[in-house]
Amino acid sequence: MTTSSAPNRNQAPTATPAPPPADSRDRVSAFMQGIQDEICAGLEVLEGEAKFQQDQWERPEGGGGRSRVIKNGSVFEQGGVNFSEVWGQQLPPSILVQRPEAAGHGFYATGTSMVLHPRNPYIPTVHLNYRYFEAGPVWWFGGGIDLTPYYPDVQDVKHFHQTLKDACDRHHPDYYPDFKLWCDEYFYLKHRGETRGVGGIFFDYQDGRGELYRGPDENGPAAQYSQKLGELPQRSWEDLFSFVNDCGKSFLPAYVPIAEAHKDQAYGDRERDFQLYRRGRYVEFNLVYDRGTIFGLQTNGRTESILMSLPPLVRWEYSYQPEANTPEQQLYDIFLKPQDWLGGNVTV
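Remember, it's a predicted structure, so these values are computed and weren't measured experimentally.

Engineer: Go over the nonpolar core, please, and point to the residues and values.
Structural biologist: Within the largest apolar cluster, 77 residues are counted, with the highest numbers of intra-cluster contacts made by Leu43, Ile201 and Phe251. Broken down by element, this core gets its largest block of residues, eight residues, from helix α1 (residues 24-47). Non-local contacts of isoleucine 201, meaning those with residues more than four positions away in its chain, are made with Tyr130, Gly143, Gly144, Ile145, Leu164, Cys168, Tyr176, Phe179, Lys180, Cys183 and Cys247. Counting 12 residues, the second largest nonpolar core, distinct from the first, contains Val86, Ala135, Val138 and Trp140.

Engineer: Any details on the pattern of salt bridges? Residues and values, ideally.
Structural biologist: What the rule picks out here adds up to 22 salt bridges. For arginine 27, the salt bridge is made with aspartate 23, and the minimal N-O distance between the two is 3.9 Å. Assessed through its relative accessible area of 27%, arginine 27 is described here as partly exposed. Its relative accessible area of 36% is what places aspartate 23 among the partly exposed residues. Here glutamate 194 ties to arginine 281 by a salt bridge, and the two come within 2.6 Å at their closest N and O atoms.

Engineer: Talk me through helix α8 (residues 269-288); I want residue IDs and the actual numbers.
Structural biologist: In this model α8 runs 29 Å from its N-terminal to its C-terminal C-alpha over 20 residues, within 8% of the 28 Å that 1.5 Å per residue would give. The buried count for α8 comes to 15 of 20 residues, which makes it a mostly enclosed element.

Engineer: Requested: an account of the side chain of glutamine 275, with residues and values cited.
Structural biologist: By the element assignment, glutamine 275 lies in helix α8. Residue contacts for glutamine 275: discarding those within four places in its chain leaves Pro118, Arg119, Asn120, Pro121 and Tyr150.

Engineer: Outline helix α9 (residues 291-298), listing residues and values.
Structural biologist: Every α-helical turn comprises 3.6 residues, leaving residues that sit three or four positions apart pointing alike. Where α9 is concerned, the buried positions are Thr293, Phe295 and Gly296. For α9, the angular spread of the buried residues around the axis is 165 degrees, confining them to a single face. Here the buried face of α9 lies against α2 (93-98), β4 (107-118), α8 and α10 (303-306).

Engineer: Any details on unusual backbone geometry? Residues and values, ideally.
Structural biologist: The phi angle at asparagine 72 is positive, at roughly 55 degrees, despite the residue not being glycine. One non-glycine residue with positive phi stands out, namely asparagine 325, at about 60 degrees. Among the residues examined, asparagine 325 registers a relative accessible area of 76% and is labelled exposed.

The rules behind the values
Residues numbered from 1 in each chain as written. Predicted model: local features only at pLDDT ≥ 70, side-chain atom pairs only at ≥ 80, totals over all residues. Heavy atoms only, no water. Core = buried A, V, L, I, M, F, W, Y, C linked by side-chain atoms within 4.5 Å. Buried < 20%, exposed > 50% of the residue type's maximum accessible area, 1.4 Å probe, protein only. Helix = DSSP H or I, 4+ residues; strand = E, 2+ residues; numbered from the N terminus. Contact = heavy atoms within 4.5 Å. Salt bridge = Lys/Arg side-chain N within 4 Å of Asp/Glu carboxyl O. Expected span 1.5 Å × (residues − 1). Arc of directions from axis to C-beta.

Distances and angles like these do not, on their own, reveal function.
Listed below in structure tokens is the structure:
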């Protein structure tokens, strides 16, 4: 294996990617809608009471979507599982910065995104997004999933990561190690100096060429791991589509057992107040850093659907510090720092 000397790893290799199949848009659209259906059905079984409400919407410039929101349930205080597909001639600025070769082409983008805010503080918030983009010669898959607990359980975190690793390993042994590091990097609040949660996997601009890592931090752990691998043998559109399929289908087995284990766990005002405080970090990340939010607003997406990721209730507290020797301090000391959850010896 060789190490690439590409000066900027968030830029694609110069080689032209193999074109996607003629029915690529139809197939990805059908998958994204199917995974939305599958996830919503599984979550309604978990919830047992509340059901998802659907809003069908259209985008004047081209496209539309299905927004599904669940509210005031026994398990989920609020959450959304959205499908969208948009197209048009005016590329959003965030895309042109990353892929200038897409300039002058019409674009197509589709994806399924989800954020769930459980009622019980012992159940983690969870986020998922898988997406696909085409513009002329440019195409790629991206997405990921991450877990944001308030009162974490190490075994829950290991189960979550192991399920994701199993899905990744069916396609390439280096997907999980690199995409896990990329997730730790992406879901990081620089102004707070902490991760959003315990991570998962994250990847972007995957068109089967070059190195795995396509992010902005050329000196970070994800980039360093990718550099050691060098450029991978070219993977086809079909290879990556199959990988994203498995990632999407891994959500329910990764998350539902965690929610089942804690949905009836007793809690009081202390835990609820801390949950609402930590939800503030979620708001900060999504409004300051999240690329999906930025892309949706730049492409005139449906604002209600874009901002469904925000929690229904949240609070901020000036200069909060957790008390020593408490579960809250444990969250800060262990779970808000990148950890090797599967290979390391993380104990609480």
